[in-house]
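Given next are the chains, with one letter for each unit.
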Amino acid sequence: MSILHKSKTALLCNDTKIKNMEKKYYKDAFERLDDSRKNKLLEIAIEEFSSKGYKNANINIIAKNAGISIGLMYKYFATKDDLFIMCLKHGMELLDKELYEIMQSDDKLLIKTEKLIRAIYTHSKSHSKYIRLYNEVGAEKGTSERTRLMVEEIETKRSSIYITTIAQALANGDVRDDLDPRIFAFFLDNLLTMLQFSFTCDYYRERFLIFTGVDINDADEEKIISQLLAFIESAFTVSHSDLKKL
């Protein structure tokens, strides 16, 4: 392992740590609820947001479906924005926990990548309403404070996991030595995001159908996973200088 790669890994690992305490998007009254009541309320809110979109979702309906008054709802969350961000966090925690466990394993990077693709494929099929929330953020227009907060909540932890893992693989000599962990992590995540959206977003589902000739829900799962893994593997291992030799 070169000194340059060691230094690069150390800097990236330190730089991608979450330095600030997580902002609370809920009030103390919500924190005092037991987990089952918290989960019930968030799942009901997720159903409303994912089926109607942020703009059309009605916090009064969420409160009614949860069996609480609107007054009590506002004792839990100061704004509709805060409730939506908490729903995002709740929806992404399940997948992020699994991704973290995969990326923290001692497996080689390509083994981790295969497990990562499988986890995302399964999660996207089983928890489509969570992905629809994610897609709702992607459809945000402009650069509002709400958009910035939502992107920060979703992407900070995941980008840290990807960047650190790729930097460590680079330092260990497991991948081509000319890649930039940050930029590569960005493109990797974009590929996986498109796969997620193909299950939940009409536009991406139609794109998948046009390119592959099959609906994503009828596609051969093993073929999709193996082809995506082959594409990523070549990107990890084939350098620009290798291409020049062909």
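Everything numeric in this text was worked out from a predicted model, so none of it was measured.

Visitor: Give me the lowdown on the overall build of the protein, citing residues and values where you can.
Guide: Along its length, the protein carries 13 helices and zero strands. The linear arrangement of helices and strands in the protein, starting from the amino end, is α-α-α-α-α-α-α-α-α-α-α-α-α. Across the protein, every contact between residues at least 6 apart in sequence was considered, and the portion connecting residues at least 24 apart equals 69%. For the protein, the accessible area works out to roughly 13900 Å², and carbon and sulfur atoms hold 53% of it.

Visitor: Describe the pattern of salt bridges, listing the residues and the values that go with them.
Guide: Side chains bearing opposite charge may pair, as long as their charged atoms lie close to each other. Counted under the stated rule, the structure contains twelve salt bridges. Salt-bridge contacts for K129 lead to E43; the nearest nitrogen and oxygen are separated by 3.0 Å. Placement of the pair is K129 in helix α8 (residues 128-138) and E43 in helix α3 (residues 35-56), with a sequence separation of 86 residues. Residue classification places K129 among the partly exposed positions, given a relative accessible area of 24%. Measuring nitrogen to oxygen at the nearest pair gives 2.7 Å for the salt bridge that ties D96 to R158. Here R158 lies in helix α9 (residues 145-171) and D96 lies in helix α6 (residues 80-103), a separation of 62 residues in the sequence. D96 gets classed as buried once you look at its relative accessible area, which sits at 14%. The class of R158 is buried, set by a relative accessible area of 2%. Shared partners join several salt bridges into a network, and the residues in it are K24, D28 and E31.

Visitor: Break down helix α4 (residues 59-66) for me, with residues and values.
Guide: Every α-helix winds through 3.6 residues per turn, so residues three or four apart in the chain are directed the same way. For α4, the full list of buried residues reads I59, I62, A63 and A66. Each buried residue of α4 sits inside an arc of 95° when the element is viewed along its axis, so together they form one side. In this fold, the buried residues of α4 make contact with α3, α5 (70-76) and α6. Capping the start of α4 is the job of one residue whose side-chain oxygen sits 2.7 Å from the backbone nitrogen of N60: N58. G67 sits one or two residues past α4 and shows a positive phi near 75°.

Visitor: Give me the lowdown on the packing of aromatic side chains, citing residues and values where you can.
Guide: Enumeration over the complete set of coordinates arrives at twelve aromatic pairs. Taking the centre distance of 4.8 Å and the plane angle of 45° together, the rings of F30 and F77 count as tilted. In this pair, F30 is assigned in helix α2 (residues 28-31) and F77 in the loop between α5 and α6, connecting sequence segments 47 residues apart. By the burial criterion, F30 is buried, and F77 matches it. Ring geometry for Y121 against F199: centres 5.1 Å apart, planes inclined by 85°, an arrangement best described as edge-to-face. You can see Y121 sitting in helix α7 (residues 109-126) and its partner F199 sitting in helix α10 (residues 181-200), a full 78 residues away along the chain. By relative accessible area, which is 1% here, Y121 ends up buried.

Visitor: Please give an account of the nonpolar core that cites residues and values.
Guide: The tendency in soluble globular proteins is for nonpolar side chains to be buried side by side. Of all hydrophobic cores here, the largest spans 37 residues; its most connected members are L41, F49, M73, F77 and L83. Leave out the neighbours within four places in its chain, and F77 touches Y25, Y26, K27, F30, L41, L42, D82, L83 and M86. Counting residues in each nonpolar core, the second largest holds 33 residues, with I102, A169, I216 and L229 among its members.

Calculation rules
Residues numbered from 1 in each chain as written. Predicted model: local features only at pLDDT ≥ 70, side-chain atom pairs only at ≥ 80, totals over all residues. Heavy atoms only, no water. Helix = DSSP H or I, 4+ residues; strand = E, 2+ residues; numbered from the N terminus. Contact = heavy atoms within 4.5 Å. Areas by Shrake-Rupley, 256 points an atom, 1.4 Å probe, with all protein chains shown as cover. Salt bridge = Lys/Arg side-chain N within 4 Å of Asp/Glu carboxyl O. Buried < 20%, exposed > 50% of the residue type's maximum accessible area, 1.4 Å probe, protein only. Arc of directions from axis to C-beta. Polar contact = N/O pair within 3.5 Å; in protein donor to acceptor, adjacent residues only side chain to side chain. Phe/Tyr/Trp six-rings, centres within 6.5 Å; stacked < 30°, edge-to-face > 60°. Core = buried A, V, L, I, M, F, W, Y, C linked by side-chain atoms within 4.5 Å.

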